[in-house]
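Working through the structure, step by step
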Amino acid sequence: MAQKIAKSRIKKLLEILRNTYPGVKTALGHRNPLELLIATILSAQCTDERVNQVTKTLFQKLRTAKDFVEVPLSDLEEMVRPTGFYRNKAKSIRACCQALLERHSGKVPDNMEALLQLPGIGRKTANVLLGSAFGIPGIVVDTHVKRVSQRIGLTRESDPVKIEFDLMALIPKKDWIDFSHQMIWHGRALCKARKPNCPACPLRELCDYGRETT
Ligand code: SF4
């Protein structure tokens, strides 16, 4: 169940995030929804920098869902190898592109229902795509958003889907896309998994964890 949190606290939180991380977007390089879909699959257990290095060349060679289905699997594996778990990732990309060809004429659909029907696509990836490729509001709950939300006290849940619904109840819909990016950047910059830098954090006064460690 969503936490009861004063609207004024949420307003202040959003204001600080906006001022601290102005204009932040996904760090995954892409020129269209298909490229973002593939980059997101490759980003599992891998840094965005590494993914971008790989996709720079990959997206020059392969441009359409058909290209990804027709390239020999061993070639695709070799191309995505530096991102780790390359056999599974190549298989996932292939299965997803095959489904895109069969069901959507090779295009990435722009709604949650259809995205969730694609092999290997969960709510997190679907929300990444909706927000960053189509500008459709969604909250991305990745490892950073999960951790930071829990520490601040925006949710008591640990299941990402329950956290997503808690956050949707608290955060105005118009802010969902930016809020997701800002929380991801905050998790990377200050609220790190092992040791959050609370003394330097502008959210400290609004954060349950930060206040406890004062
Ligand atoms: S005060 Fe500490 S725990 Fe809270 S958001 Fe900032 S870095 Fe994270």
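Residues numbered from 1 in each chain as written. Predicted model: local features only at pLDDT ≥ 70, side-chain atom pairs only at ≥ 80, totals over all residues. Heavy atoms only, no water.

Quick notes on the overall build of the protein
A count of helical and extended segments in the protein gives 12 helices and zero strands. Overall, the protein shows an N-to-C arrangement of helices and strands of α-α-α-α-α-α-α-α-α-α-α-α. Against the 2.2 N^0.38 benchmark of 17 Å for 214 residues, the protein shows a C-alpha radius of gyration of 18 Å, consistent with a compact globule. By residue count, 48% of the 214 residues in the protein fall in the buried class. Long-range contacts, defined as pairs at least 24 residues apart, comprise 60% of the intrachain contacts of the protein with a sequence gap of at least 6. Of the roughly 11400 Å² that the protein leaves accessible, carbon and sulfur atoms contribute 52%. Considering the protein, the positive charge centre built from 35 side chains and the negative charge centre built from 22 side chains are found 4 Å apart. (Helix = DSSP H or I, 4+ residues; strand = E, 2+ residues; numbered from the N terminus. Rg over C-alpha atoms; globule rule 2.2 N^0.38 Å. Buried < 20%, exposed > 50% of the residue type's maximum accessible area, 1.4 Å probe, protein only. Contact = heavy atoms within 4.5 Å. Areas by Shrake-Rupley, 256 points an atom, 1.4 Å probe, with all protein chains shown as cover. Lys, Arg positive; Asp, Glu negative; His and termini not counted. Charge placed at Lys NZ, Arg CZ, Asp CG, Glu CD.)

Some points on the site of the ligand
Surrounding the ligand, one finds Arg 151, His 186, Cys 191, Pro 196, Cys 198, Cys 201, Arg 204, Cys 207, Tyr 209 and Gly 210. Applying the majority rule of atoms within 2 Å of the grid points places the ligand in the largest cavity. When grouped by side-chain class, the residues that make up the shell around the ligand number six nonpolar, two polar and two charged. (Near = heavy atom within 4 Å. 1 Å grid on protein atoms, 1.4 Å probe; cavity = no way out; pocket = protein on both sides within 12 Å on 5 of 7 lines; lining within 4 Å. Sits in = over half its atoms within 2 Å of the grid points. Nonpolar A, V, L, I, M, F, W, Y, C, P; charged D, E, K, R; others polar.)

Quick look at the domain arrangement of the protein
With domains assigned, the protein is organised as domain 1 (7-24 + 139-212) and domain 2 (33-134). Between the C-alpha centres of domain 1 and domain 2 there is a distance of 27 Å. For the pair domain 1 and domain 2, the two sides together bury roughly 640 Å², of which 54% comes from carbon and sulfur. Counting the surface domain 1 buries against domain 2, the share from its top three residues, Val 140, Glu 164 and Ile 177, is 49%. Run the count over domain 1 and domain 2 and you get two salt bridges. Here Glu 164 and Arg 123 are joined by a salt bridge, their closest N and O atoms 2.7 Å apart. Counting across the interface, domain 1 meets domain 2 through five residue pairs in polar contact (both at pLDDT 80 or more). Among the elements of the structure, helix H10 (160-170) and helix H11 (176-189) are those that each provide at least two residues to the side of domain 1 that touches domain 2. Tallied by class, the residues present in the side of domain 1 that touches domain 2 amount to six nonpolar, one polar and three charged. (Domains from an automatic or database assignment. Buried area = accessible area lost by both parts, 1.4 Å probe. Salt bridge = Lys/Arg side-chain N within 4 Å of Asp/Glu carboxyl O. Polar contact = N/O pair within 3.5 Å; in protein donor to acceptor, adjacent residues only side chain to side chain.)

What about the layout of surface pockets?
Roughly 740 Å³ of internal volume is contained in the largest pocket. As for the largest pocket, its lining consists of 30 residues, and the residues nearest its centre are Ser 43, Asp 48, Asp 142, His 144 and Arg 188. Per-class residue counts for the lining of the largest pocket are 10 nonpolar, 14 polar and six charged. Counting residues domain by domain, the lining of the largest pocket receives three or more from each of domain 1 (7-24 + 139-212) and domain 2 (33-134). (Points joined across faces, edges and corners; volume = space filled by probe spheres on them.)

Notes on the pattern of salt bridges
Scanning the model with the defined rule gives 11 salt bridges in all. Between Lys 12 and Glu 15 there is a salt bridge, and its shortest N-O distance comes to 3.7 Å. Taken together, the residues span about one helical turn, with Lys 12 and Glu 15 both in helix H1 (residues 7-20) at a distance of three residues. Lys 12 gets classed as partly exposed once you look at its relative accessible area, which sits at 39%. In this structure, the salt-bridge partner of Arg 211 is Asp 208, at a minimum N-O distance of 2.9 Å. Residue Arg 211 and its partner Asp 208 are located together in helix H12 (residues 208-212), separated by three residues, close to a single helical turn. Judged by relative accessible area, which is 38%, Arg 211 ranks as partly exposed. Looking at Asp 208, the relative accessible area reads 28%, which means it is partly exposed. Linked through salt bridges whose partners overlap, the residues forming this network are Arg 9, Asp 208 and Arg 211.

Brief notes about the nonpolar core
Ranked by size, the top nonpolar core spans 66 residues in total, and within it Leu 154 and Phe 179 carry the most contacts. Structurally, this core is a two-domain feature, drawing no fewer than three residues from each of domain 1 (7-24 + 139-212) and domain 2 (33-134). (Core = buried A, V, L, I, M, F, W, Y, C linked by side-chain atoms within 4.5 Å.)

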